[in-house]
Structure formats: structure tokens, C-alpha cells
Amino acid sequence: MPLERLIDQSRARILIERMVQDSRLPHALLFWGPAGSGKSVAAIELARWLNCREGLAGPCGQCNSCIQFKSLEHPHFSYILPLPGKALVNSEEGELTEAGASELSNIFARKAEEPYGSAVYPGGQYILIGQIRALLQWASKRSFEDLPRVALIDRADRLREEAGNALLKLLEEPPPNFILVLTAQSQEDILPTLRSRCQAVEFDRLRTESVERFLTRHGQQETDARRLSRLCGGDLSRGLNFASQPQVADEFHELAINIVRHSLGRNPIEFDALLEQWNHLGLADQLIVLEITATWLRDAAVLQALGPQAVKRLMHLDRLELLEKFVVNCPEADFAAAVAKVDEACQHLEGNALAPLTLLVLSRELYRAVYHRKPV
Amino acid sequence: MKFKVSQEPLLQGVSKVSGVVPSRTPLTFLYNIHAVLSGNELKLTASDGDVFLITTVAVEGLEDGSVLVPARPLQDLLRELPTTELSLETSPEQHLVVNTSKGQFVIPGEEPSKFPPAPAERPPQQLSFSADDLKSILDQTTFAVSHDELRPALTGLLMQFRSGEMRAVATDGHRLVKLVKTGFQTSVTAEAEVEVIVPLKTLSLLTRHLSGDDVAKVDVYLASNRVVFDTEKLIITSKVVEGRFPAYDAVIPKDNPQLLKADVERLSSAVKRVSIFANQINRLVVMQLNPGSMKILAEDPDSGRRGQEEIEATFDGEPFEIGYNAAYLLEALRHVPCQEMEMMLGSPTAAGILKPAKPREGEDLIMLLMPIRLH
């Protein structure tokens, strides 16, 4: 079956399959949708399918090409993700350092093992011009075989402007038999000049039941799988991370709820403890905690609007009692505004704002959204 | 797989192919050499994904088979071993076991199917050159190949077979070199036209091999998607660059009536001295041409430095000035294969054509240099 490792995503699946079967696959695709929904999985599966020597109806899994794709080490596939400058000998050129090559090789091996696992280079913030120059060199060589080469640029919203401009050349004058797949959470995150040259394919958030089923198949107890699938909010990469470190998932969950609790409680000692815990986290983890905070507030909004009949829709069902108490105690709260403030805080963090200051500002804004007055 | 071989020929074979093994890549299979034993012939293949180097070593074969083994530890071991008889075999876990009279060395290998196969078929279009001729072609042309990834078609040497002659053309937009070679053996009919753009890295590997090993003849096979150089000791199979090479004939001036003749060595020395005083950004040196003499001038208005030198030259046109980037001019002069050079000039803004006064037999070489506009 084509794209066999992709979960759900019937709309995207049908669109991609039809483009391939009708020989209408464009040279540039933009897979966009929520994190952990399978965009990079679809790109890898597409490349595997297109390069299978037998697979008109889907990759055979037996030929040399399919075997090479099992380790993601295929001469017709290039995987680009944000790197820190230190991974390259020179950020202007694409040559990797020894540590960079070794770390990337480990990331690809993990991704090959579990396609829904996250492929993140530690400290990798941006896709650098050197990486795109290396991609241009790779694309400029004619393939030995008449099979398409596929380049996946994961998190293309992280393309530095100069890198994006260099990529433009490839989009404007693509070599024959070459397909570029960009992934991003939102179309708007991509440079307009690149976006306008790509065929967009939308990916939906994974259903909680699908994530739960996946985690159960991967060895989680049913109750744990249910709890983690709700906590990860349809982001299967995060679900897998949580499944491999359940204590971290619990810690993040508690911290996310405490951000709301201590923002409203205004107890300086408790808030100091919270701040200390917050400061120990890296940027990626802080963003995860805030996203969980946002889902907590979203649950509160749903419960406030729909009452007990909405219980089945809630993500934090395991903390239902606490959630109900929270909603009852804050009858005037504007939870939608509170969610917006959390999203804003995420943007500030991504824009390199100071983490402790961001949390302090967020706590004041949450208080204001819930109580409609300034905190004392 | 099991065979016996002396240390020296095996080290030579491994060293020949390991030159292409990348030192840092996330594609770990490329760190390996693919060794295949068939009868008494051990075929070694290494690649960087774009270029495959293949060589064979004569061995005493005991059991056919293949293995994928990391190039670096194998080469390091062979370098450190004395000239002695070795016995090599693979274990069921895909390890390569190297036995000497006094030691045993085990190198963990990998499943051979992980290594991508090099295209097996030879393209039918064959040209044969003596090693010296091909080296001369590469020496005189590859320096002008562009390094700009945004113009991929210029990042290789155009090898074009047309009207029974082979043209090698390189350009980076500032200069262009065209060498037309005749008098070689070929299986291609004179009417046929074949052309490929060969990547610079492939040519560097070939040049290194032609310089370092005792090679007499090179067979070149051209196809639309690959080029093969077979020297009998090493086969280089390379991808070619995508894209269309610019219509270079259109930029070569047809009418440059003024002829300058000068001694290459004297002109180079003078340009080197004067260019010390040139602007460090555009490296501009001006050639002031008069019948019977030529003056080279440079000036850096920022620092107030200036220099000039007069050298003997013959010039048959009206007096005029033309400016060039000293680095490009020197590089072109360095690749003139004889004592005297000729330069055909039109106007101060038109490209100048530089040629050897006595080209090598069977070669027609021209180098085109774009001038820098003065004032």
C-alpha cells in the first residue's frame, strides 16, 4: 500500500496518491499541519514509493531501494532539518563537522526506526545557507537511474532568509525528476516567495484514538496510552517522547497546571519555586509545557461553555476533578483570552525573549484574563 | 569470501579507491569499501554518492563472496603491516578477518546490499586519449570552472564531442576556456554529437590518479547521465551536472583585430609585481598598449599606492588601454603551455582572447578574459 506507515490523514493521502498515479506530482510540495501529524512520514513514504523499482501500487519493501530506505540512507533522498552553526565546518558551506555528521546519522537512524519520532538536532534553530548550498550541489547532479530524487526540508519555517532565497533558485528552475517537500505547521510560516511555488497539502491533527492505538501497539498499557495520547494533543512525536519518559510527561503536566494555579494564587514563595523549575527547562521543553497549559485552558473553556456533557471532549480527563473546581471557582474567566496569551508567550520564547520574564508577564496576563483585573 | 594476497597490491588497491570516501557524512554506508571476490579477482568499489571508483586486485581466490568494510581502518592497518602474505576472510557476522603470520585483525563490516551499485553498463560512446593528452586538457581548462552553486551548469567542465573533435569548455562568467582536441581514437561517428558536464570533483580525482599512477591510456565513455573514465588501473564512474551549458560560441568575439604578442614569463612576473599595488577588491591592472611596448599599471586610490612596469611586447593596433583582474590574468598566463602568448583585442570593453603562440599538437586553446571597465 502506498504511504503505508502514515496514520489517518485520509485527505492528504488521497491527494498525494492521486498526484502520483495520475503522473501529476508537482516539483515542490508544502506539507503543512500540526506538529507530529505525519508530514515528514508522508514525505519519506512518498520518496520510498517513487523510488521502488517494483512499486506502482506502493513500495514493495523487498528491492534494494526499499531496503536502503529502511535506514533512510538512500542516494535519492536528502533530509534537511534545522542545525546549529557548530554542526557545519562553516555555516556558509554545507560541509559537516565530524560531530555534526555523527549526530545527524544517529538522528536519521532513530527516524528510520520510528518515522513518527521527532528528528531534532540539539540546539538546531535554523536551516542555514550552507545546507541549502549543499542541497543545490546534490540536486545539480543527474541521477544514474531514471528515478526521482526527493529532498525533504523539515520545519521549512526555520529557513533563514538568505537560505530561502537560495532555495528559490531550485524552485524556479527545478532539475528534471526532482521533488522538493517542505514541511511547516502553518502555510503562513513559509516565505511567500517559496509558498507560492509549492502545491500545499494540508495535514490534520491526529485523532486521540489513533495516537492511543499507536501507543498501545508500541507496548504502552491501555490506561497509560489513553492518558499520554490526550496529553500530547494529537502530536504523535511528543506522545512517543512521553511514552519513553513517562516521569517527564507527568512533570510537564504538573508544571503546566501549576503555571495557571500559581499565576492566579499569587503566592510569591510558590511562584518562585515554579520559576526555578521553569528556568531549568530548555526552550523546546518550555514550549511543550506552555502548549500543555494552553490545552488545560482550552479544556476549561469547553467545560465552561458546554458543562458536563463536554467531558468526553476533554484532553485532561485524568484531572477532571481539579478542572471542574477551577471552572467553578472562576465563573467570569475569559479562557479564550487566556489561551491567546499562552500562544503569545510561546511566540515570545521562540523570538528569543528571556524565559523567566516571559513567564512573569504570562502570569500577570492569565490573572487579568481570569479575574478581569490587574494582579496586586 | 576467502582469499590470499600480498600486503602491497592490496594496499595500492584500497588507497586508489579510498580517495573518494567522504570524511564526514551522515550516510554511513559511504564510509565503506565494497569488496567482491570472483575467482582470482578482487573488485574494490568506493563512492561519495556521486562518483564511484572501482579497481581490481589480483589475488589467490579461495571462496567467492562480498563484504562492505570501513575504508579507514582497513587502509590504516594495511599501511602499518610489513610486506607480507595476508589471508583475508569474512565471518558469518560480516566481519572481515585479516590474518598475518603473527597476527589477526577483525574489522566489523556491514551487509553488502546497503552499498548502492555503480551502473554496470558502459555507455557506447567511447573516446580514447593518451594519459598525457587528457591531463593536458584538464590542466589547461579546469581552473576556469565556476564554484557558484546557483549556476550549477557552470560547476563542471563541458566535454562535447562534435564534428569529430572533442571540445572541453569551462567558464565562471568572468573567463572562459575552450580547448578543441583532435587526433584521438573514437568509436563515435563524426556526425554524432554527445556532450556532458563533468563535475569538478570527478576531474580532480582523475587528475590525481593520472599524476600519481603510471597510466598510459584513458578510455572515456559518455552518456547523458554519466561519464566513465577507464584507465585500466581504475574506473571512475561519475554523475554529470544537470542543466544546459551556455552557448559559449556566441560570447567568443569573432573580430578582435589587434594582436599583442608577449613573453609569458616576463608578462606574468611584471603583472605579479604591479598587482601588489592594485586595489585589493577588484585587483585591477591596466595594460597600456603601444606598438613595440606594453606598460602594466596599477593604483590603489585608498592607500595612495601605485606601480608600473614596462615590458617588451609587439602590438599591431592603435594605442589603447584595457584593464583586467590581475588574478584572472595571472591564472590564464599560468596555463599557457608555451613561452609566448598572443592576445587578440577589440575594444577596452570587449573580451580579450588569449592563446598560446605555439599550441600543443592536436590542441586549439583559447582563453577568453572579460575586461574591467576603466574610469
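Residues numbered from 1 in each chain as written. Chains lettered and ligands numbered in written order. Predicted model: local features only at pLDDT ≥ 70, side-chain atom pairs only at ≥ 80, totals over all residues. Heavy atoms only, no water.

**Q** Is there a simple way to think about the interface of chain A and chain B in this case?
**A** Much of the literature gives interface size as the accessible area that the parts lose upon coming together. In this assembly, 30 residues from chain A lie in contact with 29 residues from chain B. A buried area of about 2,700 Å², summed over both sides, lies between chain A and chain B, and 59% of it is on carbon and sulfur atoms. On inspection of chain A and its partner chain B, the count reaches five salt bridges. Note that B:Glu149 and A:Arg133 form a salt bridge whose closest N and O atoms lie 3.7 Å from each other. At the boundary of chain A and chain B, one finds nine residue pairs in polar contact (both at pLDDT 80 or more). For the side of chain A that touches chain B, the secondary-structure elements that each account for two or more residues are helix 3 (64-70), helix 4 (98-113), helix 5 (129-140) and helix 6 (161-172) of chain A. (Contact = heavy atoms within 4.5 Å. Buried area = accessible area lost by both parts, 1.4 Å probe. Salt bridge = Lys/Arg side-chain N within 4 Å of Asp/Glu carboxyl O. Polar contact = N/O pair within 3.5 Å; in protein donor to acceptor, adjacent residues only side chain to side chain. Helix = DSSP H or I, 4+ residues; strand = E, 2+ residues; numbered from the N terminus.)

**Q** Whenever I open this one, the sheet that holds strand 10 (residues 125-130) of chain B confuses me. Can you help?
**A** Backbone hydrogen bonds hold the strands of a sheet together, and the pairing may be parallel or antiparallel. Residues and elements named next belong to chain B. Strand order in this open sheet of nine strands is 6-2-3-4-18-17-16-10-14, and the pairing throughout is antiparallel. One side of each edge strand has no neighbouring strand; the edge strands of this open sheet are strand 6 (65-70) and strand 14 (185-186). Strand contacts of helix 1 (residues 7-18): strand 2 (32-38), strand 3 (41-47) and strand 4 (51-58), with the helix running at about 170 degrees to strand 4, the strand carrying the most contacts. (Pairing = 2+ DSSP bridges. Axes fitted to C-alpha atoms, helices over the stretch in contact; angles between N-to-C directions.)

**Q** Is there a simple way to explain the sheet that holds strand 2 (residues 77-80) of chain A in this structure?
**A** All names here are of chain A. Strand order in the open sheet formed by five strands is 2-3-4-1-5, with parallel pairing between adjacent strands. Among the strands making up the open sheet, the edge pair consists of strand 2 and strand 5 (199-202). Looking at each pair of strands side by side, their axes are set apart by 20 degrees on average, direction ignored. One ladder, built from five bridges, connects strand 1 (residues 28-32) with strand 4 (residues 178-184); its direction is parallel. Residue Ala28 lies in a different strand from strand 4, and its bridge partner there is Leu180. Lying over the sheet, helix 5 contacts strand 2, strand 3 (149-153) and strand 4, oriented at roughly 170 degrees with respect to strand 3.

**Q** I keep staring at helix 8 (residues 208-217) of chain A and nothing clicks. Help me out?
**A** Because an α-helix packs 3.6 residues into every turn, residues spaced three or four apart end up facing the same way. Residue and element names in this part refer to chain A. Along helix 8, the residues classified as buried are Ser210, Val211, Glu212, Phe214 and Leu215. Buried positions along helix 8 lie against helix 9 (222-231) and helix 10 (236-244). Directly after helix 8, the chain includes Gly219, whose backbone phi takes a positive value near 95 degrees. (Buried < 20%, exposed > 50% of the residue type's maximum accessible area, 1.4 Å probe, protein only.)

**Q** What exactly am I supposed to notice about the domain arrangement of chain A here?
**A** The domain boundaries assigned to chain A delineate domain 1 (10-202) and domain 2 (245-371). One C-alpha centre belongs to domain 1 of chain A, the other to domain 2 of chain A; they are set 35 Å apart. (Domains from an automatic or database assignment.)

**Q** I would appreciate a short explanation of the state of the cysteines in the present structure.
**A** Every disulfide links exactly two cysteines, by a covalent bond between their sulfur atoms. Counted according to the given criterion, the structure contains zero disulfides over all chains. In this model A:Cys63 remains outside any disulfide bridge; the closest cysteine sulfur is found in A:Cys66, 3.6 Å from its own. (Disulfide = S-S within 2.5 Å.)

**Q** Explain the confidence of the model for chain B here, please?
**A** Close inspection of predicted coordinates is inappropriate for parts of the model with low pLDDT. Residue and element names in this part refer to chain B. Of all residues in chain B, 100% have pLDDT values of 70 or greater, and the mean over the chain is 92. Confidence, expressed as mean pLDDT per element, reaches its minimum in chain B at strand 14 with 82 and its maximum at strand 3 with 97. If you check the scores for this complex, the pTM reads 0.86 and the ipTM reads 0.84. (pLDDT = per-residue confidence, 0-100.)

**Q** Please clarify how the packing of helix 8 of chain A against helix 9 of chain A should be interpreted in this entry.
**A** Between two packed helices, both the angle of their axes relative to each other and the distance between the axes serve to describe the pair. Residues and elements named next belong to chain A. Where helix 8 contacts helix 9, the two axes come as close as 8 Å, and the packing angle between them is 135 degrees. Of the possible angle classes, the one that applies to helix 8 and helix 9 is oblique. Pair helix 8 / helix 9 crosses with right-handed handedness. Counted together, Thr208, Val211, Glu212, Leu215 and Thr216 of helix 8 and Glu222, Ala225, Arg226, Leu228, Ser229 and Arg230 of helix 9 form the full contact between these two elements. Considering only residue class, the contact of helix 8 with helix 9 consists of four nonpolar, three polar and four charged. (Parallel < 35°, antiparallel > 145°, perpendicular 65-115°, else oblique. Left-handed = near helix turned anticlockwise from the far one by under 90°. Nonpolar A, V, L, I, M, F, W, Y, C, P; charged D, E, K, R; others polar.)

**Q** What's the story with the packing of aromatic side chains in this structure? I'm lost.
**A** Here the distance between the centres and the angle between the planes together describe a pair of aromatic rings. With the rule as written, the count across this model stands at 16 aromatic pairs over all chains. Ring geometry for B:Phe161 versus B:Phe184: centroids 6.3 Å apart, planes at 80 degrees, classification edge-to-face. In this pair, B:Phe161 sits in strand 11 (residues 156-162) while B:Phe184 sits in the loop between strand 13 (175-181) and strand 14, placing the two residues 23 residues apart along the sequence. Since its relative accessible area comes to 1%, B:Phe161 is described here as buried. These aromatic residues form a ring-pair network of at least three members: A:Phe69, A:Phe77, A:Tyr79 and A:Phe108. Between the NZ or CZ atom of A:Arg149 and the centre of the ring of A:Trp138, over which it lies, the distance is 5.7 Å. It is A:Arg158 that lies over the ring of A:Tyr126; its NZ or CZ is 5.8 Å from the centre. (Phe/Tyr/Trp six-rings, centres within 6.5 Å; stacked < 30°, edge-to-face > 60°. Lys NZ or Arg CZ within 6 Å of the ring centre and 35° of its normal.)

**Q** Is there a simple way to think about the pairing of strand 3 of chain B in this case?
**A** The side chains of a regular strand alternate between the sheet's two faces. Residue and element names in this part refer to chain B. Here strand 3 lies mainly inside the structure; five of its seven residues are buried. Across five bridges, strand 2 lies against strand 3 in antiparallel orientation. Counterpart to His34 in the pairing with strand 3 is Thr45. Linkage of strand 2 to strand 3, two consecutive antiparallel strands, is achieved through a turn of two residues, within which Gly39 is found at a positive phi near 65 degrees. Examined bridge by bridge, strand 3 and strand 4 share seven bridges and lie antiparallel to one another. Looking at the pairing, Thr45 lines up with Ile54 of strand 4.

**Q** Please clarify how the packing of helix 8 of chain A against helix 10 of chain A should be interpreted in this entry.
**A** Residues and elements named next belong to chain A. Remark: helix 8 packs on helix 10, axes separated minimally by 11 Å, with the N-to-C direction vectors making an angle of 40 degrees. The orientation of helix 8 with respect to helix 10, classified from their angle, is oblique. The interaxial crossing formed by helix 8 with helix 10 has right-handed handedness. Residues Val211, Phe214 and Leu215 of helix 8 touch helix 10, and the partners they reach there are Leu236, Gly239, Leu240 and Ala243. A per-class count over the contact of helix 8 with helix 10 returns six nonpolar, one polar and no charged.

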